[in-house]
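Chain residues, written in single-letter form:
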Amino acid sequence: MSIKANLESIRKNLPTDVKLVAVSKFHPVSSIMEAYNAGQRVFGENRVQELVAKQADLPGDIEWHLIGHLQSNKVKSIVPFVDTIQSVDSYKILEEINTQAKKIGRNVKCLLEIHIAKEESKFGFSFDTCRQMLDNQSWSLLDHVTIVGVMGIATNTDDESEIRKEFELLSAFYQELKESHFNDRSTFKEISMGMSHDYLLAIEHGSTIIRVGTSIFGEREY
Ligand SMILES: *Cc1c(COP(=O)(O)O)cnc(C)c1O
């Protein structure tokens, strides 16, 4: 199937209030243009260098999301153009994004990445480290970032009940934070969860942003 046909079949099952991020990592600019020409405007990359290089070659009205781990020394290179950083997993990185955004008068949307999978290698806050970060009120003074929600990656498994359990945990944690720390902030409204093999489950559990690569662009060649 073509990229255009893949996008159409995904959009068919997508509630209108769920955002589709087309994850284009490892795929060439020409594939991104194919998706762009089929109307897709939101793209996600997980490596900073790849994101910066592709952004320079592509139309300026693309909404770029960083979905992979971010190191402090690389923040500066994406802050001028990135729409959302989905992979914020420490106060330190949030502070650095704020510092760089302030210098150029921008405000960058951020999601708090929460570790929900059983695998140990994934990045992200634990529920407790995230609570601690928010309990210390410093984050609320950062004027050039907006924490718009949470992001999580479920365990890579065929066990549907495990995936459901993890999505339920993230959804419940989002609700908890909304009540405990973001009560007066209508901007805290996103739950980014669901990839090619589990995005329908994720939507059932309240996802507002899905991140889909393989089902749009095909298998990646590493
Ligand atoms: C690669 C990636 C995706 C997309 O995965 P697919 O299985 O190809 O849909 C989603 N989220 C993150 C964080 C990723 O790194």
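Above this text sits the structure in question.
Nothing here was measured: the structure is a model prediction, and the numbers come from that model.

(A) Examining the overall build of the protein chain more closely. Assigned secondary structure in the protein chain consists of nine helices and eight strands. Relative to the 2.2 N^0.38 estimate, which gives 17 Å for 222 residues, the radius of gyration of the protein chain is 17 Å and therefore close to what a compact globule would have. By its C-alpha atoms, the protein chain is 50 × 45 × 30 Å across when sized along the principal axes. Within the protein chain, buried positions represent 49% of all 222 residues.

(B) Broad picture of helix 6 (residues 127-135). Among all positions in helix 6, only Cys130, Met133 and Leu134 are buried. Around the axis of helix 6, the buried residues are gathered within 95° of arc, so they sit on the same side. Among the exposed residues of helix 6, those oriented more than 90 degrees off its buried face are Gln132 and Asp135. Taken together, the buried residues of helix 6 touch helix 5 (91-103), strand 5 (108-114), strand 6 (145-152) and helix 7 (160-180).

(C) Looking closely at the environment of histidine 65. With respect to the helices, strands and loops of the structure, histidine 65 is situated in strand 3 (residues 63-66). In this structure histidine 65 touches Lys19, Val21, Val42, Phe43, Gly44, Glu45, Asp83, Thr84 and Gln86, once residues within four positions along its chain are discounted.

(D) Structural view of the pairing of strand 5. For strand 5, a buried count of six out of seven residues is recorded, marking the element as mostly surrounded by other parts of the structure. In the sheet, strand 4 (residues 84-88) pairs with strand 5 via three bridges, with the strands oriented parallel. Bridged to valine 88 within strand 5 is leucine 112. Note: strand 5 against strand 6, seven bridges, orientation parallel. Each bridged residue has a counterpart across the sheet, and for lysine 109 the counterpart in strand 6 is threonine 146.

(E) Structural view of the packing of aromatic side chains. Using the criterion set out here, one finds six aromatic pairs in the structure. When the ring of phenylalanine 26 is compared with that of tyrosine 222, the centres are 4.5 Å apart and the planes differ by 75°; the resulting orientation is edge-to-face. With phenylalanine 26 in the loop between strand 1 (19-23) and helix 2 (29-37) and tyrosine 222 in the segment after helix 9 (214-217), the pair connects residues that are 196 residues apart, well separated along the chain. According to the relative accessible area criterion, phenylalanine 26 is partly exposed, its value standing at 29%. When the ring centre of tyrosine 36 is taken as origin, the NZ or CZ atom of arginine 41, which lies over that ring, is 3.6 Å away.

(F) Representation of the site of the ligand in the model. As a matter of local geometry, the ligand sits amid Val23, Lys25, Asn46, Ile67, Ile153, Met195, Ser196, Arg211, Val212, Gly213, Thr214 and Arg220. One nitrogen or oxygen atom from the side chain of threonine 214 is found 2.5 Å from an oxygen atom belonging to the ligand. Burial of the ligand by the surrounding chains reaches 91%, relative to a free accessible area of 390 Å². Class assignment of the residues belonging to the shell around the ligand gives a composition of five nonpolar, four polar and three charged.

(G) Geometry of the pairing of strand 6. Burial analysis of strand 6 places seven of its eight residues in the buried class, which makes it a mostly covered element. Relative to strand 7 (residues 190-192), strand 6 runs parallel, the two being bridged by three bridges. Bridging across to strand 7, methionine 151 finds its partner in serine 192. With respect to chirality, the unit in which strand 6 leads through helix 7 into the neighbouring parallel strand 7 is right-handed.

About the thresholds
Residues numbered from 1 in each chain as written. Predicted model: local features only at pLDDT ≥ 70, side-chain atom pairs only at ≥ 80, totals over all residues. Heavy atoms only, no water. Helix = DSSP H or I, 4+ residues; strand = E, 2+ residues; numbered from the N terminus. Rg over C-alpha atoms; globule rule 2.2 N^0.38 Å. Buried < 20%, exposed > 50% of the residue type's maximum accessible area, 1.4 Å probe, protein only. Arc of directions from axis to C-beta. Contact = heavy atoms within 4.5 Å. Pairing = 2+ DSSP bridges. Phe/Tyr/Trp six-rings, centres within 6.5 Å; stacked < 30°, edge-to-face > 60°. Lys NZ or Arg CZ within 6 Å of the ring centre and 35° of its normal. Near = heavy atom within 4 Å. Polar contact = N/O pair within 3.5 Å; in protein donor to acceptor, adjacent residues only side chain to side chain. Areas by Shrake-Rupley, 256 points an atom, 1.4 Å probe, with all protein chains shown as cover. Nonpolar A, V, L, I, M, F, W, Y, C, P; charged D, E, K, R; others polar. Right-handed = clockwise from strand over helix to strand, strands pointing away.

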